[in-house]
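Here are the chains, one letter per residue:
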Amino acid sequence: MCSHWVVLVFCCLGQLCADQSLKPQVAAPQLATNNPTLTTVALEKPFCMFDSSLCPNKSYIIYLYAMKESASAISSLVTDNSSKPLDSTFQQTSGGQLGPYKAALFNVPNCASPPKLADVGDVNKVSDVLKQYLFRVGDDGTCLYDPNFLAVCNPPLAPDTTYRFKYVLLDSTEGIMKDQTLWSDPIKTRRVKLPLKIDTWPGRRSGDMIVITSILSVLVFLLLAGFLAFVSSAVMGSEGSSAETRCVSQTIEQSEQRPHLSSE
């Protein structure tokens with residue numbers, strides 16, 4: 001009985017004194033290659049982040065908020081005066097430019113049985129492991145344009161733009177925030193590369209180098225074709241002169257033989 005009260009006490013203290021050093025992190029590169037992309041960022045789900053704030057017989061859910069780093073610090077709050085989480089959408093905040101928007105909601109990850117990262121090597125389990133371990137912000141390309149879409153919209157992020165993210169623990173019964181992380185470190189999506197600056201195989205040549213290489217290749221081809229034509233004409237000329245020489249020789253021989261025949 002005593003231990004039960006101790007748990008409750010620590011639970012209540014956890015609600016008041018959250019671990020403010022915790023914040024969303026970019027997913028490990030072994031599990032999310034090419035991260036961030038032009039329009040998405042893969043984050044680790046908050047495993048064991050809110051354990052001190054979870055009380056028995058309570059129902060909780062996680063909200064994920066996103067905003068552009070250029071948004072005002074004053075507008076970075078994710079709750080109202082009554083500790084209720086904001087329901088700001090991507091459209092209402094101009095994609096996070098005016099403040100944070102709710103990008104996702106999901107169940108609290110089970111800290112007691114996290115996904116086994118060793119299962120990533122199993123083709124039959126990798127999809128399930130990644131779904132448990134990661135959340136990809138900006139992964140829904142259709143929700144903005146679907147009039148029947150009612151869930152939380154998680155549309156693509158803007159390329160070459162810096163974002164910050166925050167996890168919020170919500171008491172589903174009371175509808176109020178119980179805990180939250182710090183805003184993440186700045187995370188920037190990739191920049192769209194101009195065609196002339198795209199690295200190409202082999203040698204990672206620039207667009208200018210590709211053009212120069214193409215021109216040189218054409219010139220070499222023309223020189224080779226000219227050389228072959230010259231050699232061919234020379235050979236044909238040599239054969240023609242040889243035939244002419246043989247013809248002259250035969251004529252001389254015939255002229256030499258005619259007097260001999262007449263003398264006989």
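Throughout, residues of each chain are indexed from 1 in the direction in which the sequence is written. With pLDDT at 70 or above as the cut-off, local features in this predicted model cover only qualifying residues; side-chain atom pairs require 80 or more to be listed or tallied, and sums for whole chains, interfaces and linings still use all residues. The side-chain values count all of the structure's non-hydrogen atoms but skip hydrogen atoms and water molecules.

As annotated in an unreviewed UniProt entry, the chain carries the name UPK3A protein and comes from Fregata magnificens.

Caption draft 1: Seen up close, the side chain of S76. Among the structural elements, S76 can be located in the loop between β2 (60-68) and β3 (101-106). When residues no more than four places from it in sequence are discounted, the contact partners of S76 are M67, P100 and W183. Only DSSP runs of H or I covering at least 4 residues are called helices, and only runs of E covering at least 2 are called strands; the numbering of each starts at the N terminus. By definition in these notes, contact holds between two residues if any of their heavy atoms fall within 4.5 Å.

Caption draft 2: Broad picture of the pattern of salt bridges. What makes a salt bridge here is a side-chain nitrogen of Lys or Arg within 4 Å of a carboxyl oxygen of Asp or Glu, nothing more. Throughout the structure, instances matching the rule amount to 8 salt bridges. A salt bridge links K102 to D87; the nearest nitrogen and oxygen atoms lie 2.7 Å apart. Within this pair, whereas K102 is found in strand β3, its partner D87 is found in the loop between β2 and β3, the two being separated by 15 residues in sequence. When its relative accessible area of 11% is taken as the criterion, K102 is described as buried. One salt bridge connects K188 with D160, and the closest N-O pair in it is separated by 3.2 Å. A residue pair is termed long-range when its members are at least 10 positions apart, and K188 in strand β7 (residues 187-188) and D160 in the loop between β4 (134-137) and β5 (162-171) qualify at 28 residues. Sharing partners across several salt bridges, the network here consists of K58, D171, E174 and K178. When accessible area is computed with a 1.4 Å probe and restricted to protein chains, residues below 20% of their type maximum are described as buried, those above 50% as exposed, and intermediate ones as partly exposed.

Caption draft 3: Up close: the environment of V129. Relative to the helices and strands, V129 resides in helix α2 (residues 126-133). Residue classification places V129 among the buried residues on the basis of a relative accessible area of 4%. Along the backbone, V129 and P115 are 14 residues apart, and their C-alpha atoms lie at a distance of 5.7 Å.

Caption draft 4: The arrangement of the environment of Y145 in detail. When you line up the elements, Y145 lands in the loop between β4 and β5. Residue class for Y145 comes out exposed when judged on its relative accessible area of 68%.

Caption draft 5: Focus on unusual backbone geometry. Cis geometry marks the peptide bond from N35 to P36; its omega dihedral reads 0°. The backbone phi angle of N34 is positive, close to 55°, even though this residue is not glycine. Along the chain, N34 falls in the loop between α1 (2-16) and β1 (41-44). Despite not being glycine, C48 shows a phi value in the positive range, around 65°. By the secondary structure assignment, C48 is in the loop between β1 and β2.

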